[in-house]
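# Observations on the three-dimensional arrangement
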Amino acid sequence: MARSKNKAKLSQKDCDARWTKKHKRSYYGYKDHIKVDKKSKLILKATVTAANVHDSRELKNLVEREDERLYADSAYIGEEIDRILKAKGIEGQICERGARGKPLTKNQKIGNRKNQKYGRE
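Every value quoted in this text rests on a predicted model; they were computed, and no experiment measured them.

Now for the pairing of strand β3 (residues 43-50). Pairing geometry for strand β2 (residues 25-36) and β3, over seven bridges, is antiparallel. Along β3, the bridge assignment pairs His 33 with Thr 47.

Okay, structure coming up:
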């Protein structure tokens, strides 16, 4: 009897969705990863993952050799990202991030604002 109750409960549960936290708040479900054309603002490619997958993990599935530039936030900082971009000949316009005890300089803040602005033109 207990087994059939558990089976009924599992049939209503989404076993592929996962938990993640953002700004100390928990979320359950999925995350969209989207590549958008800078000029037309049209979605060129999209993938869906469980919510616990980091944004940068899907980059390799979204960028292609034909892409000239990647405008992205600081979540895309890292050696693996640099390798992917270099291998595909893509210029990375990635926002810098400060660290504890080492905040962004005035020039870094200006550069981040430019990257954010140009990525939205």
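Before going further, it helps to spend a moment on the layout of surface pockets. By volume, the largest pocket is sized at about 1000 Å³. In terms of lining, the largest pocket is formed by 31 residues, of which the most central are Lys 35, Val 36, Arg 69, Leu 70 and Tyr 71. With six residues, the top contributor of residues to the lining of the largest pocket is β2. A class-by-class count of the residues in the lining of the largest pocket yields 12 nonpolar, five polar and 14 charged. Within this model, the second largest pocket holds a volume of roughly 270 Å³. Lining the second largest pocket, in full, are Thr 20, Lys 21, Lys 22, His 23, Tyr 27, Tyr 30, Lys 31, Ala 51, Asp 55 and Asp 73. Of all elements in the fold, only β1 (18-22) and β2 reach the threshold of two or more residues within the lining of the second largest pocket. Among the residues making up the lining of the second largest pocket, the classes are represented as three nonpolar, two polar and five charged.

Let's shift gears to the sheet that holds β3. The three strands are arranged β1-β2-β3 in an open sheet whose pairing can be described as antiparallel. Taken across any chain shown, the strands that pair with only one partner, and hence form the sheet edges, are β1 and β3. For this sheet, the mean inter-axis angle between neighbouring strands, taken without regard to orientation, is 55°.

Parameters at a glance
- Residues numbered from 1 in each chain as written.
- Predicted model: local features only at pLDDT ≥ 70, side-chain atom pairs only at ≥ 80, totals over all residues.
- Heavy atoms only, no water.
- Pairing = 2+ DSSP bridges.
- Helix = DSSP H or I, 4+ residues; strand = E, 2+ residues; numbered from the N terminus.
- 1 Å grid on protein atoms, 1.4 Å probe; cavity = no way out; pocket = protein on both sides within 12 Å on 5 of 7 lines; lining within 4 Å.
- Points joined across faces, edges and corners; volume = space filled by probe spheres on them.
- Nonpolar A, V, L, I, M, F, W, Y, C, P; charged D, E, K, R; others polar.
- Axes fitted to C-alpha atoms, helices over the stretch in contact; angles between N-to-C directions.

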